[in-house]
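For reference, the chains in residue letters:
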Amino acid sequence: EAGVVQSPRYKIIEKKQPVAFWCNPISGHNTLYWYRQNLGQGPELLIRYENEEAVDDSQLPKDRFSAERLKGVDSTLKIQPAELGDSAVYLCASSLSAGLSYEQYFGPGTRLTVT
Amino acid sequence: SQQGEEDPQALSIQEGENATMNCSYKTSINNLQWYRQNSGRGLVHLILIRSNEREKHSGRLRVTLDTSKKSSSLLITASRAADTASYFCATDSRGGSNYKLTFGKGTLLTVNP
């Protein structure tokens, strides 16, 4: 069974440029998460989807970050414009359901460097 | 903000030795999970322990949970070089319909061959 797929694996951009990350969750997983992980820290939740509905986006900086999960499968996270402080690893995860605290399966992440 | 705090921040041991990592948290939880992250990779789920459980085993892993002290420990027995990774505890705090998994900063374990 394929795991969570993310692309690209690495991205280097200049500040003020836009950037987008893509995630394909494990087949059949209704819940999808985007996390940001700064160096030396644990992941912090940005947004959680139940199917195509964003049910928790309280930690998403909405002035520059946006996300979508069309058809309740793949998801895209976008930053526009990027700032130096956005340099981090962006992780996507999926689970069968959030309601019963199922384990989360993580993708390899996208390492973003903003110069 | 991060709820869980792992201790120590870094741990270096020899192959074959046991490694113990601790996690403390602040608010009531429904369950606590441990994850492993190898360098440059995503996190891998190791074990989940529910708030009404005190101890759980999985292979060479042993997890304990003390809800009165708001703490958990992860023991890896007979460590191998391949166990070298960062280990994170994550707590499941649920408020109303909002489910959230909050990760600590992690313990960096180095197992020397």
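Quick summary incoming for the structure in this document. (Residues numbered from 1 in each chain as written. Chains lettered and ligands numbered in written order. Predicted model: local features only at pLDDT ≥ 70, side-chain atom pairs only at ≥ 80, totals over all residues. Heavy atoms only, no water.)

Here we take up the overall build of chain B. Across its full length, chain B carries zero helices and eleven strands. Secondary structure of chain B in N-to-C order comes out as β-β-β-β-β-β-β-β-β-β-β. Each principal axis of the C-alpha atoms in chain B carries an extent, and together these give about 45 × 30 × 20 Å. Counting across all 113 residues of chain B, residues that qualify as buried make up 47%. Across chain B, every contact between residues at least 6 apart in sequence was considered, and the portion connecting residues at least 24 apart equals 55%. Carbon and sulfur atoms provide 44% of the accessible area of chain B, an area that totals close to 5400 Å². (Helix = DSSP H or I, 4+ residues; strand = E, 2+ residues; numbered from the N terminus. Buried < 20%, exposed > 50% of the residue type's maximum accessible area, 1.4 Å probe, protein only. Contact = heavy atoms within 4.5 Å. Areas by Shrake-Rupley, 256 points an atom, 1.4 Å probe, with all protein chains shown as cover.)

So, on to the state of the cysteines. What makes a disulfide is a covalent bond joining the sulfur atoms belonging to two cysteines. Residues and elements named next belong to chain B. The full count for this structure, using the stated rule, is two disulfides over all chains. A sulfur-sulfur distance of 2.0 Å marks the disulfide that ties Cys23 to Cys89. Taking the torsion about the S-S bond as the criterion, the Cys23 to Cys89 disulfide, at about 65°, is right-handed. Taken together, the residues Cys23 in strand 3 (residues 19-24) and Cys89 in strand 9 (residues 85-95) connect sequence positions 66 residues apart. Taking relative accessible area as the criterion, Cys89 reaches 0% and is therefore assigned buried. (Disulfide = S-S within 2.5 Å.)

We now examine the side chain of A:Gln104. Along the chain, the position of A:Gln104 falls in the loop between strand 9 (88-95) and strand 10 (105-106). A polar atom in the side chain of A:Gln104 sits 2.8 Å from the side chain of A:Tyr35. (Polar contact = N/O pair within 3.5 Å; in protein donor to acceptor, adjacent residues only side chain to side chain.)

Residues and elements named next belong to chain B. Strand order across the open sheet formed by five strands is 1-3-8-7-6, with antiparallel pairing between neighbours. The sheet is open, and its two borders are formed by strand 1 (5-7) and strand 6 (55-58), each paired with just one other strand. Ignoring which end each strand starts from, the neighbouring axes of this sheet average 20° apart. When strand 1 meets strand 3, the two strands line up antiparallel, connected through three bridges. What sits directly across from Glu6, in strand 3, is Cys23. (Pairing = 2+ DSSP bridges. Axes fitted to C-alpha atoms, helices over the stretch in contact; angles between N-to-C directions.)

This paragraph deals with the layout of surface pockets. The space that makes up the largest pocket amounts to roughly 680 Å³. As for the largest pocket, its lining consists of 33 residues, and the residues nearest its centre are A:Gln37, A:Leu39, A:Gly40, B:Gln37 and B:Ser86. Of all the secondary-structure elements, those providing two or more residues to the lining of the largest pocket are strand 9 and strand 11 (110-114) of chain A together with strand 1, strand 9 and strand 11 (107-112) of chain B. Sorting elements by how many residues they give to the lining of the largest pocket places strand 11 of chain A first, with four residues. Considered class by class, the residues forming the lining of the largest pocket number ten nonpolar, 17 polar and six charged. (1 Å grid on protein atoms, 1.4 Å probe; cavity = no way out; pocket = protein on both sides within 12 Å on 5 of 7 lines; lining within 4 Å. Points joined across faces, edges and corners; volume = space filled by probe spheres on them. Nonpolar A, V, L, I, M, F, W, Y, C, P; charged D, E, K, R; others polar.)

Attention now goes to the pairing of strand 5 (residues 44-50) of chain A. Residue and element names in this part refer to chain A. In terms of burial, strand 5 is largely enclosed, as six of its seven residues are buried. Bridge count for strand 4 (residues 31-37) against strand 5 is six bridges, and the pairing is antiparallel. Opposite Tyr33, over in strand 5, you have Arg48 as the bridge partner. Here strand 4 folds back onto strand 5 in antiparallel fashion, the turn holding six residues, of which Gly40 has a positive phi close to 80°. In this structure, strand 5 lies alongside strand 6 (residues 53-56), joined through three bridges in antiparallel fashion. Among the inter-strand pairings, Arg48 is bridged to a residue of strand 6, identified as Asp56. Two successive antiparallel strands, strand 5 and strand 6, enclose a turn made up of two residues, where Asn51 displays a positive phi of approximately 55°.

This part takes up the sheet that holds strand 1 (residues 5-7) of chain A. Residue and element names in this part refer to chain A. Here we have four strands laid out as an open sheet, ordered 1-3-8-7, and antiparallel in their pairing. The outermost strands of the open sheet, each flanked by one partner alone, are strand 1 and strand 7 (65-68). Averaged over all pairs of adjacent strands, the angle between strand axes in this sheet comes to 15°, irrespective of strand direction. Where strand 1 meets strand 3 (residues 19-24), three bridges bridge the pair, whose relative direction is antiparallel. Across the sheet, Gln6 pairs through a bridge with Cys23, a residue of strand 3.

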